[in-house]
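Chains, contacts and geometry: an overview
Next come the chains, spelled out residue by residue.
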Amino acid sequence: MALDDLQQPNIGEPDFAKGASSPGLKMCAILTTIGFAIFWVSALFTVAGVVGGSGMHWSMPVLCVIGLAVGIFGRRRVECR
């Protein structure tokens, strides 16, 4: 692929101008971001508790699973539309 092919301007109409982006779709995207953020933060604390040998609070693995489920659910809703 030549550099000229990469530098061409965008051709066509964006999705939001066609009406493909809805408030529900935007909320699912936000839900996906929040879900995966909760997953990664709680996974970090869970792994740190297991590897570090210190006590681990019960809420970290629970939040890890809930965050992963919410993130996957939101991502599937965004992809299926």
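1. Let's talk about the packing of helix α3 (residues 23–52) against helix α4 (residues 59–80)
- It is the contact of α3 with α4, at a shortest axis distance of 7 Å, that shows an interaxial angle of 155 degrees. Classified by the angle their axes make, α3 and α4 are roughly antiparallel. Where α3 crosses over α4, the two elements pack in a sense that is left-handed.
- Residue composition of the contact of α3 with α4, grouped by class: 18 nonpolar, 7 polar and 2 charged.

2. Some thoughts on α4
- The end-to-end C-alpha distance of α4, which contains 22 residues, comes to 31 Å, matching closely the 32 Å that a straight helix rising 1.5 Å per residue would cover.
- Listing the buried residues of α4 in full gives Ser59, Met60, Cys64, Gly67, Gly71 and Gly74. Looking straight down α4, one finds that the buried residues subtend no more than 130 degrees of arc, so they occupy a single side. Facing away from the buried side of α4, by more than 90 degrees, are the exposed residues Val65 and Cys80.

3. A few points about the confidence of the model for the protein chain
- When pLDDT is averaged across the protein chain, the result is 85; 79% of the residues are at 70 or more.
- When mean pLDDT is compared element by element in the protein chain, α4 scores highest at 93, while helix α1 (residues 3–6) scores lowest at 64.

4. Structural notes on the packing of aromatic side chains
- Applying the stated criterion to the full structure yields 1 aromatic pair.
- Here phenylalanine 39 and tryptophan 40 contribute two aromatic rings whose centre-to-centre distance is 4.9 Å and whose plane-to-plane angle is 65 degrees, an arrangement assigned as edge-to-face.

5. Things to note about a nonpolar patch on the surface
- Together, Met27, Ile30, Ile34, Ile38 and Leu63 line one region of the surface with nonpolar side chains, adding up to about 440 Å² of accessible area.
- Element by element, the count of residues in the nonpolar patch is highest for α3, at 4 residues.
- Inspection of the secondary structure puts methionine 27 in helix α3.

6. Overview of the pattern of salt bridges
- A complete count under the given rule lists 2 salt bridges for this structure.
- Between glutamate 79 and arginine 75 there is a salt bridge whose closest N-O contact spans 3.2 Å. Linking glutamate 79 with arginine 75, this pair stays in helix α4, spanning 4 residues, or about one helical turn.
- A relative accessible area of 43% means that glutamate 79 is categorised as partly exposed.
- Arginine 76 is the partner of glutamate 79 in a salt bridge, and the nearest nitrogen-oxygen pair spans 3.3 Å.

Conventions adopted
Residues numbered from 1 in each chain as written. Predicted model: local features only at pLDDT ≥ 70, side-chain atom pairs only at ≥ 80, totals over all residues. Heavy atoms only, no water. Axes fitted to C-alpha atoms, helices over the stretch in contact; angles between N-to-C directions. Helix = DSSP H or I, 4+ residues; strand = E, 2+ residues; numbered from the N terminus. Parallel < 35°, antiparallel > 145°, perpendicular 65-115°, else oblique. Left-handed = near helix turned anticlockwise from the far one by under 90°. Nonpolar A, V, L, I, M, F, W, Y, C, P; charged D, E, K, R; others polar. Expected span 1.5 Å × (residues − 1). Buried < 20%, exposed > 50% of the residue type's maximum accessible area, 1.4 Å probe, protein only. Arc of directions from axis to C-beta. pLDDT = per-residue confidence, 0-100. Phe/Tyr/Trp six-rings, centres within 6.5 Å; stacked < 30°, edge-to-face > 60°. Patch = residues over 30% accessible without salt bridge, like charges linked within 9 Å, V, L, I, M, F, W, Y side chains within 5 Å. Areas by Shrake-Rupley, 256 points an atom, 1.4 Å probe, with all protein chains shown as cover. Salt bridge = Lys/Arg side-chain N within 4 Å of Asp/Glu carboxyl O.

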